[in-house]
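Working through the structure, step by step
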Amino acid sequence: MEVKLRIKRYDSERDEKPHWQEFTVEAEPTDRVLDVLLHIKSYIDGTLVFRRSCAHGICGSDAMRINGLNRLACKTLVKDVSSPIEIEPLNGLPVIKDLIVDMQPFFEKFRIVKPYLVNDETPPPVEWRQTPEERERFDDTTKCILCASCTTSCPSFWTNREYLGPASLVQAHRFIFDSRDRAAAERLDVVNAREGVWRCRTIFNCAEACPREINITKAIGQLKKALVYNRF
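These remarks concern the structure in this document. These numbers come from a predicted model, not from an experiment.

How each quantity is defined
Residues numbered from 1 in each chain as written. Predicted model: local features only at pLDDT ≥ 70, side-chain atom pairs only at ≥ 80, totals over all residues. Heavy atoms only, no water. Core = buried A, V, L, I, M, F, W, Y, C linked by side-chain atoms within 4.5 Å. Buried < 20%, exposed > 50% of the residue type's maximum accessible area, 1.4 Å probe, protein only. Helix = DSSP H or I, 4+ residues; strand = E, 2+ residues; numbered from the N terminus. Contact = heavy atoms within 4.5 Å. Pairing = 2+ DSSP bridges. Axes fitted to C-alpha atoms, helices over the stretch in contact; angles between N-to-C directions. Salt bridge = Lys/Arg side-chain N within 4 Å of Asp/Glu carboxyl O. Parallel < 35°, antiparallel > 145°, perpendicular 65-115°, else oblique. Left-handed = near helix turned anticlockwise from the far one by under 90°. Nonpolar A, V, L, I, M, F, W, Y, C, P; charged D, E, K, R; others polar. Patch = residues over 30% accessible without salt bridge, like charges linked within 9 Å, V, L, I, M, F, W, Y side chains within 5 Å. Areas by Shrake-Rupley, 256 points an atom, 1.4 Å probe, with all protein chains shown as cover.

Structural notes on the nonpolar core
Core analysis: the biggest nonpolar cluster contains 58 residues, and Leu-5, Ile-7, Leu-37 and Ile-87 have the highest contact counts within it. Elements supplying a minimum of two residues to this core: strand S1 (2-9), strand S2 (19-26), helix H1 (33-44), strand S3 (63-66), strand S5 (85-88), helix H5 (166-176), helix H6 (184-191) and helix H8 (216-229). Other than its neighbours up to four places away in sequence, Ile-87 contacts Leu-5, Arg-6, Ile-7, Lys-8, Trp-20, Val-33, Leu-37, Met-64, Arg-65 and Leu-99.

So, the sheet that holds S3
If you trace the 5 strands from one edge of the open sheet to the other, you get S2-S1-S5-S3-S4, paired in mixed fashion. The open sheet has two edge strands, S2 and strand S4 (69-72), and neither has a second partner. On average, each strand axis in the sheet is tilted by 35° relative to the strand beside it, whichever way the strands run. Direction of pairing for S3 relative to S5: antiparallel, over a ladder of 2 bridges. Within S5, the position partnered with Arg-65 by the bridge is Glu-88. Across the sheet, H1 is in contact with S1, S2, S3 and S5; its angle to S2 comes to roughly 95°.

Some thoughts on the pattern of salt bridges
The tally for this structure, following the rule as stated, stands at 16 salt bridges. Across the pair Arg-9 and Asp-98 runs a salt bridge, and its minimum N-O distance is 2.9 Å. Here Asp-98 lies in the loop between strand S6 (95-97) and strand S7 (100-101) and Arg-9 lies in strand S1, a separation of 89 residues in the sequence. With respect to class, Arg-9 is no different from Asp-98; both count as buried.

Here's the deal with the side chain of Arg-174
Here Arg-174 shows up in helix H5. Using a relative accessible area of 15% as the deciding quantity, one classes Arg-174 as buried. Setting aside residues no more than four positions away along its own chain, Arg-174 makes contact with Phe-138, Thr-141, Thr-142 and Arg-180.

Describing the packing of H5 against H6
Relative placement of two packed helices is described by the angle separating their axes and the distance separating the axes. Axis separation between H5 and H6 bottoms out at 9 Å; the angle between their running directions is 155°. Relative to H6, H5 is oriented roughly antiparallel. For the pair H5 and H6, the crossing hand works out as left-handed. Mapping the contact onto sequence places Leu-169, Ala-172, Phe-175 and Ile-176 in H5 and Ala-184, Arg-187, Leu-188 and Val-191 in H6. Of the residues that constitute the contact of H5 with H6, the class distribution is 7 nonpolar, no polar and 1 charged.

Re a nonpolar patch on the surface
On the surface, a nonpolar cluster with roughly 330 Å² of combined accessible area is contributed by Trp-198, Val-228 and Tyr-229. Relative to the elements of secondary structure, Trp-198 occurs in the loop between H6 and helix H7 (205-209). Taking relative accessible area as the criterion, Trp-198 reaches 36% and is therefore assigned partly exposed.

What to know about the side chain of Thr-217
With respect to the helices and strands, Thr-217 occurs in helix H8. Judged by relative accessible area, Thr-217 falls into the buried class, the value being 10%. Contact partners of Thr-217, with chain neighbours within four places excluded, come to Thr-202, Phe-204, Cys-206 and Ala-207.

Considerations on the packing of H5 against H8
As a packed pair, H5 and H8 sit with axes 9 Å apart at the nearest point and diverge in direction by 60°. When the axis of H5 is compared with that of H8, the two are oblique. As for the relative orientation of H5 and H8, their crossing is left-handed in sense. On the side of H5, the interface is formed by Pro-166, Leu-169, Val-170, His-173 and Ile-176, while H8 contributes Ile-216, Ala-219, Ile-220, Gln-222 and Leu-223.

If you want it as C-alpha cells, here you go:
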C-alpha cells in the first residue's frame, strides 16, 4: 500500500521555526511506523533523525506524537493509523532536531523522587522476602520504561515545567509502596510539595498514552490517599 507521511522537521542549530515535510512510501499494512521511518532515513532522506533502539516496545526510546497521540513508533502498525500519518516530536520538551527531544528536564524530575530502593538495614541471609499481596501493591508501576509518553501528554506539565509529572510520580509510587523500602516518608514529602502530586488534574491523558498500559491515574490517586490518611 502507498503511505503518505507528514513529518515535522526542525534543527535547533539552523532553523528559526519548524516546518513540515511530506514523504510517500510503499509499505505493508503490518509494517510498523518505525519501519517506515527507517526506510525514509535509509533510502530517501538520510538527514531525518529520531531515536530508536530495541524496536520491541521495551526501551521506550522511539516515543513520538503520531496523528496527535503519544505512541511508540515500534508498536504502532501502519494499518492502525490513518494516512497521511503526521509525526511530531513529543510536546513539552525542547526539540534538538526533528523527532529528538532533550530528555534532560524529564530525567531531572525523575531523579528527585530517588527512584531506587533505600534500605540500610542488615540484609537477610538469602533475600528480602515479600508476600504476593505486598508485591501486588506496586506491581503495576514497575512496568514503566521511562519513554516520557505520559509526562509529555499531560496539560499540567505543558503549562508548568516545574511539575514533577506522571512518570516521576509513577516511580515514587513504585518505591513508596514497596515493603522493603525505608524512604517512603521522605518521598511523600517530595510528592507533597507545591509542584508535586496535587498538580495532577485527573485528565487521564497519561494513562491513555502509556504504552505499557499502567493505570497511572490510579497510582497518583493512591499517592494522594497516602498523604491524606498517612497510610502507605
